[in-house]
Amino acid sequence: MKPISVINSIEVPEGHEEMAIKVRDIYINYFKSKPGFVSSTFYKSINAENTFNFVNIVVWDSYESFQAVVNSGFDNEDGLNEDQMKVLGKGFPDPIKVSPGQFEVIRND
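Residues numbered from 1 in each chain as written. Predicted model: local features only at pLDDT ≥ 70, side-chain atom pairs only at ≥ 80, totals over all residues. Heavy atoms only, no water.

A. How the structure looks around helix α1 (residues 17–32). Here α1 spans 22 Å end to end across 16 residues, near enough to the 22 Å set by a 1.5 Å rise per residue. Listed as buried for α1 are Ala-20, Val-23, Arg-24, Tyr-27, Ile-28, Tyr-30 and Phe-31. Looking straight down α1, one finds its buried side chains confined to an arc of 160°; they lie on one side. Exposed positions of α1 whose direction lies more than 90 degrees from the buried face are Glu-18, Lys-22 and Lys-32. (Helix = DSSP H or I, 4+ residues; strand = E, 2+ residues; numbered from the N terminus. Expected span 1.5 Å × (residues − 1). Buried < 20%, exposed > 50% of the residue type's maximum accessible area, 1.4 Å probe, protein only. Arc of directions from axis to C-beta.)

B. Inspection of the packing of aromatic side chains at higher detail. Evaluated as defined, the whole model comprises six aromatic pairs. Ring geometry for Tyr-63 versus Phe-66: centroids 5.7 Å apart, planes at 40°, classification tilted. With Tyr-63 and Phe-66 both in helix α2 (residues 63–70) and three residues apart, this pair spans about one turn of that helix. Since its relative accessible area comes to 1%, Phe-66 is described here as buried. Each member of the aromatic cluster is reached from another via a ring pair, and the members are Tyr-27, Tyr-30, Phe-31, Phe-37 and Trp-60. (Phe/Tyr/Trp six-rings, centres within 6.5 Å; stacked < 30°, edge-to-face > 60°.)

C. The arrangement of the sheet that holds strand β2 (residues 37–44) in detail. Taken in spatial order, the four strands make up an open sheet running β2-β3-β1-β4, and their pairing is antiparallel. At either end of the open sheet lies a strand with only one pairing partner, and these are β2 and β4 (97–103). With strand direction ignored, the average angle separating the axes of adjacent strands in the sheet is 15°. Summarising the sheet, strand β1 (residues 4–11) and β4 pair through seven bridges and their orientation is antiparallel. Directly across from Ile-10, in β4, lies its bridge partner Val-98. Its contacts with the sheet put α1 on β2 and β3 (54–60), and the angle it makes with β2 is roughly 170°. (Pairing = 2+ DSSP bridges. Axes fitted to C-alpha atoms, helices over the stretch in contact; angles between N-to-C directions. Contact = heavy atoms within 4.5 Å.)

Take it as geometry only, folks, not as evidence of what the structure does.
Here it is, written out as structure tokens:
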């Protein structure tokens, strides 16, 4: 199994930063309790003009582990999984916007 990185670029309007941090922390604490979670690193932009002013990188031991935890619940109208957590991309309240992507390492220099 290959580890994957989920890179979430997050657009947080001024005044909503604390909410974004709080929601992110809730999800990372949840992910830490699940098989396959490896780590998370959270970044805040130092450039005010960036569209995406936060980036969260979550590493999973495999795409299968990621799918089992993060995407469970997409078929549910409310986007809730069996633990009543909203699935990827639906957990942050408006006006916070998340653009998630899944990546595998192809070079590590």
